[in-house]
Each structure stands twice: as C-alpha cells, then as structure tokens.
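# Tertiary structure, described
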Amino acid sequence: MEIKEEGASEEGQNFLPTPQANDTGEFQFTSIQKTPNEPQLEFILACKDLVAPVRDRKLNTLVQISVIHPAEQGLTRYSSTEIVEGTRDPLFLTGVTFPSEYPIYEETKIKLTVYDVKDKSYDTVRTSVLPEHKDPPPEVGRSFLGYASFKVGDLLKSKEQVLTLSLREIPTRCPFDECLHPHRPLTSMITSDGGKVVGTIQVSVVKMGEIEDGEADHITTDVQGQKCALVCECTAPETVSRKDNLPFLNAVLKNPVCKLYRFPTSDNKWMRIREQMSESILSFHIPKELISLQIKEDLCRNQELKELGELSPHWDNLRKNVLTHCDQMVNMYQDILTELSKETGSSFKSSSSKGEKTLEFVPINLHLQRMHVHSPHLKDALYDVITVGAPAAHFQGFKNGGLRKLLHRFETERRNTGYQFIYYSPENTAKAKEVLSNINQLQPLIATHADLLLNSASQHSPDSLKNSLKMLSEKTELFVHAFKDQLVRSALLALYTARPGGVLKKPPSPKNSTEESSSQDPPPPMRRQDSIPHHSDYDEEEWDRVWAHVGKSLNCIIAMVDKLIERDGSGEGDDGSGKDGEKGHSLGDSVITHPQEDWYEQLYPLILTLKDCMGEVVNRAKQSLTFVLLQELAYSLPQCLMLTLRRDVVFSQALAGLVCGFIIKLHTSLYDPGFLEQLHTVGLIVQYEGLLSTYSEEIGMLEDMAVGISDLKKVAFKITEATSNDVLPVITGRREHYVVEVKLPGRMFESLPLQIKEGQLLHVYPVLFNVGINEQQTLAERFGDVSLQESINQENFELLKEYYTVFMEKMPPDYISHFQEQNDLKGLLENLQQNIQAKKRKNVEIMWLAATICRKLNGIRFTCCKSAKDRTSMSVTLEQCSILRDEHQLHKDFFIRALDCMRSVMVLGGGRGFAELFALPSDGQSQPPDSGCFWNITKLRIFGPCAVYHSGGSRDPEFLRTLQKFQDTHWIKEKKKLVF
C-alpha cells in the first residue's frame, strides 16, 4: 500500500520539481555516488528555536520525511523520526536512510514536516490508518508546526554536507489534513517562500565508520531536565565483513528495510547504529526442496510395499489399505508443492496466512534482524537475530495438543497393540529406514566400483587395479556391515510367517511388550518382541549363508587380483590387499589363474558372482525391512500418516529458519579462522528463545516447536563451490538424515579450511529455552501447569552443557583462553542452571543468560513467539539496547529513549518492497492501546494490501514487577516505558 501526496493545484506545482528532458524526450537524472551495497544517503536531523502554537507549551516534536521523485508529480511519505518530548530544541536520535535499491537522485527533493504531538498513543496508531473517504476527527492528536524542503544534490554539495533550513508555517490550513487526504488540492502550504519562520532544522549527512572532518560539533539536548554536551566524533572503522560477501548474501536476503540511529556513549561521544530487517527467499525455497524430497521418499516406500511379494490375506489387506492412504498423502504433498511453486512474488508468510493449508510448510514472518554498531572506541560489530513465528502446525490446530504429546500417546498405544500387529520400537523403525537408505546408496556404488575394477583389468594397469579394488572393498565392507543388525534377521522371520501358509501365534501380554533393552548391555533389538511368530520349517541359518556369500565373493576377487599382480611381477599385491587379502589367500585352492588369459576374463565371473550375491541380499533385506515399516503404518491409519504430516510441517518451518541463520552466520564470520575451526571441529550451537505461554492453544504450539527444533539435530551442512550463478542451497537425504549443501563462489570457497573444502559434514546443536511473558502465562502459573516449560528448559540445558563440554575438549587451548577472558562461560552456565531450577515465575533472566552464552559461543540466535510480532519485537529491541549499554557504553540516561526510538512506528511509502504501513484491522472495531507503546521496524508486517495493527501488549503488573528486579543488569525500571 502506497500513500502519495499528489498536488492538483497550480500552487502545488510551484513546489514540485520540473523534470528536464533531453533531445530524445527521456529524463536524465544524476545518480548519487555510493559504496556498493551501502545505503545511498543517510542523514540526521535536529531542530532549534521552535515556536510553540500556545505560549508556555512544552513541545513533543516529530519530523515526517516525504520524498518528491523528479519524474513524478507527487509526494511519497517515506519515514518519520521518534517523538522528542518537552523541548523546543529537539535533537532526533532516529535518522533517515535510503537503501541502495531506492530510486533517489541529486534532483530528488525531500520535504521535512515538523509536528507537535499532543497525544502520542493516538498519533502513533491513528494518523496513518484512517479509512479512506472519511473525514478526520476534530482532534487528530498532533498539530502542524512548520516545513522545509531541499534537493539531495544541494545537501551533498554543501559545506561539510550540512544544511540549516528555515521552518515555515502555513497560515491557510493544517497540512496534516492534506496528508490524510492526499487527493485534495494542495494550497499555499507547499510554497517555499511563504509563511512565518517558526524555527530552523539542521540536516547532516551521516557516513557509517568515516572520520568526521573539521572541529567537533557540540550539540546540547535536554535529557530528563539535564544538559548534556554530545560530541559528534568517530574513529576509523574496523571492517565488519568483507564487501565481496555482500552480493552473495543478497542472493538469499530480499527487501531490506533500514533505520539509522545515533546514541551518546557514557563519555558523551556519538555511536551510530544501523538497524536492518530483511526477508529471506529461503522461506519458500527450503519448503519446496524438502517437500520434493519427501514425495520421492514416499513414492519409493510405496513401490517397495508393492514389491513386498505375496502375503497372506490378512497382511495383504493391510498392505492395500496402507497403500491407499499413502497414495492420498503423496497426492496431498504434490498439490501443496504445486501451489507453492505458484508463489513467485512473496518472500515471506505473514501471520494472517498461518491458517492456510497450502502455506503450512512455510515459516511465519521469517526475517533477519541485524544491528550494525559503529562506536568511537570499539571495533564495528554486527548483531544478528533471526526472528520467526514458532514452528507449529497452525492449520491442523491444537485441540489435541502438539507433537510432543501426540507422539507420546501414539507410541504408548502402539506398545499395547493387539493380535493383528507386530510391535517395533521407534528405534527399530528408524533403524529399518536407515538400513534401507544405506542399501539404496551402497548397491549402485558397489556396482560402479566393480565396473571400474573390470575396466582397470582390461587396461592391464596394476596401480589402477589396486585403487579400484580398494574402493570396491571399502564399499562392500560397509554394505556387509549394514546387515549385521539383529533387526534384519528377526524381520525376515516375521515376513516368512506373513507369507501364505505362515502360522500366527497370539502375542504376549502388554506387560512383556513394554520391557526395554538396556543401553549399556544391549541384547538383540527384537528380544522383547515375542509377538513375532515362529515357524518350524523356517531355516534361520539361510540368511547367514546368503549374507556371508557377499564377503566370500569379495575375498575371491581380492585373491585373484593379488595373484594377477604377483604374476605380473608387481610384487605389491600383499600391500594392496591388506587383511582381507590374507583371508583371500586361504581360498587359493578355489581360485585358479591362467596366465595366458586376459585379466578381464578372469575377473569377470567373480564380479558377476558378487553382484548376484549382493542382489539376493538386497532383495531379502529390502522386503523384510519394508515389512517392518508396514507394521508402523498399518497400526493406526490415518493417525500415523497425519502425525508424519504434522512433523514434516513443523520441521519444514524450523529448517527454513535454520538454513537462513547458518548462511548468514557463515558469511558474517567467513574470514574468522577461529570460527571456521570451531565449525568443523565442534559444530555450531543454535539457540532458540521462545516466548510462548503454557496456556490454551500455545501449549500445543510449544509442544510442536520443541519437537521441530529437536529434529534439527538430524540436519548436517556441507559447503561446496558454486559452479554457476545459482547459489541457493540444495537439500539431499531422507527424513531421518538431511544434508544441506551451501554453495559459495570460488573466491570465498578457497578461503575455507581444507576439512570443509573436502566435504566434511558440519553439525548443529539446537537448544530451546522458553519463558512465557504475557498475561496468559500469568493464568498458567496461577491456575494451570508450567511443567512443560520447566521440562523443556531442563532438557535443553543438558544439551547446552554437553556442547560446552565438547567445545572445551576439542578446541585449542589458546582459543578457549580467549573465550574465558571475555566472559566466564562456566559461570554463565551455572547461573543459567540455577535460574532454571529456581522455577520462578516469568524468569526472564533465563532468556538473557541463554542469549549471552550463545553469542559468546559464536552461535546462531533465534527469537520466536506465536507470530513473531509483538513479543518478539519487544524482546529484540530490549536485547539490542541492552547490548548497546553493556558492550558499547550507551549513556545510562539515554537507555529508555534509545528503546523508544527502536520501538517507534516507521511509516514508509513507495514500491520496491519498502512499504511498511501501520493500519487497524479490517473490521475497524479494534481500539488502539491506551499506553505509550511503540512498535519498531522489526515487526511491522505486511498483511495483504496493508499492514496489520499490532494490538497493545500485556500490561500485566506481575510481569512488570518481575522486570523491575533486573534494572541493574539489563531490564527496565519504568513500567510505563515497557509494555508487553
């Protein structure tokens, strides 16, 4: 939605620029010289000697910035500053920034309109959201003071790039009425030379990280009744990240929205902060990749069920029923993928769409929130947080709970199964899927290496023959090892009895079915599954013979190769055969060489035998393990498949955020040797900050979220060199194990350590800490149950502690000492454990400690609530201001004001994805919050044709009292300033 202030009168045209056309009739404009991937223009504002409309009134000043494009006859509202209270000389901490994609030229005019805000809450909500074709109320919440305008070229060419402009009032009518009704004629308000002077406004260009020329600029501002001299002075910057990273990162991020701030430090010098929120095209790319893989996996499983062979009528009917439901699920996945492929314009899913069936795999409001800090005495720093709605199956609802509860209930019911089914534990079912996946991968590899061995034999090349034999031996040994598990043997027996003529015995009592194997001294996995029927005619040793034939065939090939090389005079046969070669020599009586014959002719029969033996093993193993999967599917249809769908939906949302966070972290730290060593030696910690309550449907969301984040442990990353301009990540694998391939351009790829370049898998360790903070959590703590939150926090603390232990063991001592100098990680962990065990109400200290530990460990930070709007934005802005105070010496008197700046409404206009408008719900009935709360750039989300109005957050007195306890560390003392 774009709001334009278009003038229709002749007086209006006097203010608008007249485009200059060349001989061909095309307009020519002068571009602004800029650094690649940096904002084109940034400036800050300050007013002086403002005249109040009423004597002795203390002004609450706001500046609205509008843009007049040189080729258009209209104004576009672009942004606004924060409100500065109680002074006629306001110095605004919120600046104006034009991103690199914005169409701005030296001929572009910028209009600055200054308002006196009478009712801050009214102004921040209603001034931009009045329904069209309706007159504003008599009291609109703010009054016009004056305006000024300038050309961008004049600002850039001015001395020290500073302009001081006179603010003039408009005697005819308030221009705010014109802002609300842009199509009404403009009057004399838009002339540049009329009206009374009501003060001045200073416009100063800002360049992040550059040294200020000339003398220090002393500006005085009134802060809580005190005068504070602020010195505008910056030192030379330290490069945050290489500039050549940015184009590649821009291939993943989209539609950046920026804000600029300047805050004073404790020694009265300026630090500058650029805040950026970006969408990610991975919001749709990752779900589409994942669904494609899942469709292939399910089609393969369905085909294996069809190839299971002849079964008894009982089992055959079950199989037909399973296939019917599985085919329906595949069709559903294909329909969802088709619909997602049609989504070409959007790059994120708004919270209003969380109930849409076709978008349920897509994460809600996935964005990068980045804060770039340039302070006088410290290095430049980047602080990234990924904000996303809690991964949950919103379309399916939470009437029966979330995944954590549903999976537990499903497994309990399966364990107590009756006569018609054979119970396999989740571990055995997962093992069956793993073995099937290994079979599908290893069988073609072994066939390929066998063919390469024959090719080397035909070339009569001893060295090539030995190398090919080595690869064949390694892959065959992995193949044989995959079938050593007792699960295959017991599954073969179960399948045998399911054939026509098999005998089914009555299963044992549920009591015996619930006995679990000990992990320290594990018996055969099927020991407790006495429900597997037995048959007196079944030869249990037959499988051993078939399985052993593969190893014997390989030993014969090794023995033959050794003899061929030995007779050729190589003398290196023993070295190439190894231990298996020695076993092969024991079969020498059965291997007869014919020196006059070709090597190929002597190896071909042995290779053929190996393939035949392997094919027999694969056929039997596939059928038996597919029968194991049939038990899981047949027990509860369609409940089992619906649980799989729900888990896929939640995992897809979680994975999209994880891949986005991993790529951003990789690019930010690509030239940090310590981080890269940590990446391939230990892996990355991924910390999720959850703000869900344990009340009503958010309990189900939290249960979904906990399982989805835990499932991310089965994801590994692999970095490869990009061979084309397509640098989007590629996903391979299956539900139990996915590999995300991240592509890097050649120059960036060459800077990586050898281990990463060779394809080593990089692992992540996700942890979730949740603290409910809204009024619903108050109800849960007083009248409900918070055990879910407590158990999740305790479980994930143990995971975080395990990661810390591995980190301390594997990382070099000098690297660890560097961490210990920065902060005592052990002490932070102990403090976190104490707070988790204390079981205090709304213990927000848990969030802060977990976030601090994550940053100290070079981890990836996530902040989540139901829709990643209200609670998330309040948490992120509070965290950012706390970092500025604790790490960058933010002046203590400016903490509240800095927080207000980051939470203030930003009204943007224009295309190119920069429209972020603040609007009431479509019903027009909801009332704005009665408090002075602001909403920051972080979470003003687009909802359809306009943005959503975020209702006022909780003013829960108990929560505010909780926050008061932490004023000395990182939380806020004044309740009226922090409204959750």
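Since we're looking at a predicted model, the values are computed, not measured. (Residues numbered from 1 in each chain as written. Predicted model: local features only at pLDDT ≥ 70, side-chain atom pairs only at ≥ 80, totals over all residues. Heavy atoms only, no water.)

## Section: the overall build of the chain
The helix and strand tally for the chain stands at 28 helices and 24 strands. Relative to its 980 residues, the chain shows a buried fraction of 56%. Just so you have it, the chain exposes about 41,400 Å², and 48% of that area is on carbon and sulfur atoms. (Helix = DSSP H or I, 4+ residues; strand = E, 2+ residues; numbered from the N terminus. Buried < 20%, exposed > 50% of the residue type's maximum accessible area, 1.4 Å probe, protein only. Areas by Shrake-Rupley, 256 points an atom, 1.4 Å probe, with all protein chains shown as cover.)

## Some thoughts on the nonpolar core
Membership of the largest hydrophobic core comes to 85 residues, with the highest contact counts inside it found for F479, F483, I557, L603 and F627. Broken down by element, the residue count for this core peaks at 17 residues, all from helix α15 (residues 599-635). With 59 residues, the next largest nonpolar core counts I286, A392, I664 and M701 among its residues. (Core = buried A, V, L, I, M, F, W, Y, C linked by side-chain atoms within 4.5 Å.)

## Structural notes on the packing of helix α7 (residues 313-341) against α15
When two helices pack together, their arrangement is given by the angle between their axes and by how far apart the axes lie. At a minimum axis distance of 10 Å, the contact between α7 and α15 shows a crossing angle of 70 degrees. Looking at the two axes, α7 sits roughly perpendicular to α15. Residues W315, L318, R319, V322 and C326 of α7 pack against F627, L630, Q631, L633 and A634 of α15. (Axes fitted to C-alpha atoms, helices over the stretch in contact; angles between N-to-C directions. Parallel < 35°, antiparallel > 145°, perpendicular 65-115°, else oblique. Contact = heavy atoms within 4.5 Å.)

## Here's the deal with the pattern of salt bridges
Applying the stated criterion across every chain, the model contains 29 salt bridges. Of the charged contacts, one joins E360 and K357 as a salt bridge, the two residues approaching to 2.9 Å between their closest N and O atoms. Between R734 and E736 there is a salt bridge, and its shortest N-O distance comes to 3.5 Å. Salt bridges here are not isolated pairs; linked through shared partners, they connect E297, D298, R301, D648 and R735. (Salt bridge = Lys/Arg side-chain N within 4 Å of Asp/Glu carboxyl O.)

## Some remarks on the environment of N774
Among the secondary structure elements, N774 is positioned in the loop between β21 (762-770) and α21 (775-783). Accessibility expressed as a relative area gives 10% for N774, which makes it buried.

## Focus on the packing of helix α13 (residues 542-567) against α15
Packing of α13 against α15 leaves a shortest axis separation of 9 Å and a crossing angle of 160 degrees. As the angle between them shows, α13 and α15 are arranged roughly antiparallel. Two packed elements cross with a definite hand, and for α13 against α15 that hand is left-handed. (Left-handed = near helix turned anticlockwise from the far one by under 90°.)

## Description of the packing of aromatic side chains
One pass over the structure, following the stated rule, counts 15 aromatic pairs. Ring geometry for Y115 versus F144: centroids 6.3 Å apart, planes at 70 degrees, classification edge-to-face. Placement of Y115 in strand β7 (residues 109-117) and of F144 in strand β8 (residues 142-151) is noted, with a sequence separation of 29 residues between them. Ring geometry for Y600 and Y604: centres 5.8 Å apart, planes at 25 degrees, overall stacked. Of this pair, Y600 and Y604 both sit in helix α15, 4 residues apart, roughly one helical turn. Residue classification places Y600 among the partly exposed positions, given a relative accessible area of 32%. Of the aromatic side chains, those joined through ring pairs into one cluster are F43, Y78, F98, Y102 and F150. Lying across the ring of W270, R262 places its NZ or CZ 4.9 Å from the centre. (Phe/Tyr/Trp six-rings, centres within 6.5 Å; stacked < 30°, edge-to-face > 60°. Lys NZ or Arg CZ within 6 Å of the ring centre and 35° of its normal.)

## A word on helix α9 (residues 426-458)
A rise of 1.5 Å per residue sets the reference length of α9, with its 33 residues, at 48 Å; its end C-alpha atoms lie 48 Å apart and thus fit the reference within 8%. Just beyond α9, the residue with positive phi is H460, at close to 55 degrees. (Expected span 1.5 Å × (residues − 1).)

## Some details on unusual backbone geometry
Of note in the backbone geometry, N255 takes a positive phi value of approximately 50 degrees without being a glycine. Checked against the element boundaries, N255 lands in strand β13 (residues 253-264). The phi torsion at Q889 lies on the positive side, around 60 degrees, for a residue other than glycine. Along the chain, the position of Q889 falls in the loop between α26 (870-888) and α27 (895-902).

## Examining the state of the cysteines
Should the sulfur atoms of two cysteines be covalently bonded, the bond is a disulfide. Under the defined criterion, the tally for this structure stands at 0 disulfides. Its sulfur unpaired, C865 is 8.0 Å from the next cysteine sulfur, which belongs to C864. Take C881: it sits in no disulfide, and the sulfur closest to it among the cysteines is that of C901, at 8.4 Å. (Disulfide = S-S within 2.5 Å.)

## Points about the pairing of strand β17 (residues 684-690)
Counting buried residues in β17 gives 7 out of 7 residues, a clear majority hidden from the surface. Along β17, one buried face is formed by L684, V686, Y688 and G690 and the opposite face, lined by I685, Q687 and E689, is buried too. Pairing of β17 with β21, which is carried by 7 bridges, proceeds in the parallel orientation. In the sheet register, Q687 faces β21, and the bridge partner there is V767. (Pairing = 2+ DSSP bridges.)

## Some words on the pairing of β7
Counting buried positions along β7 gives 9 out of 9 residues, so the element sits mostly inside the fold. Because side chains alternate across β7, one face comprises the buried residues K109, K111, T113, Y115 and V117, and the other comprises I110, L112, V114 and D116, equally buried. Across 8 bridges, the pairing between strand β3 (residues 60-68) and β7 is antiparallel. Paired with L62 across the bridge in β7 is Y115.

## Quick notes on the environment of I756
Among the structural elements, I756 can be located in helix α20 (residues 754-757). Overall, the relative accessible area of 0% leaves I756 in the buried class. Taking the C-alpha atoms as reference points, I756 and K718, separated by 38 residues in sequence, lie 7.6 Å from one another. With near-sequence residues (within four places) excluded, I756 lies in contact with L676, L679, H680, I719 and L762.

## Things to note about the confidence of the model for the chain
Residues at a pLDDT of 70 or more form 72% of the chain, whose mean pLDDT is 76. Throughout residues 122-139 the model reports pLDDT below 50, and contacts reaching past four residues in sequence, or to other chains, amount to 42 contacts. Here residues 173-192 scores under 50 on pLDDT; set against residues more than four positions off or in separate chains, the count is 55 contacts. (pLDDT = per-residue confidence, 0-100.)

## Some remarks on the environment of Y671
Here Y671 shows up in the loop between α16 (639-668) and α17 (673-681). By relative accessible area, Y671 is classed as partly exposed at 29%. As a C-alpha pair, Y671 and L752 span 81 residues in sequence and 8.3 Å in three-dimensional space.

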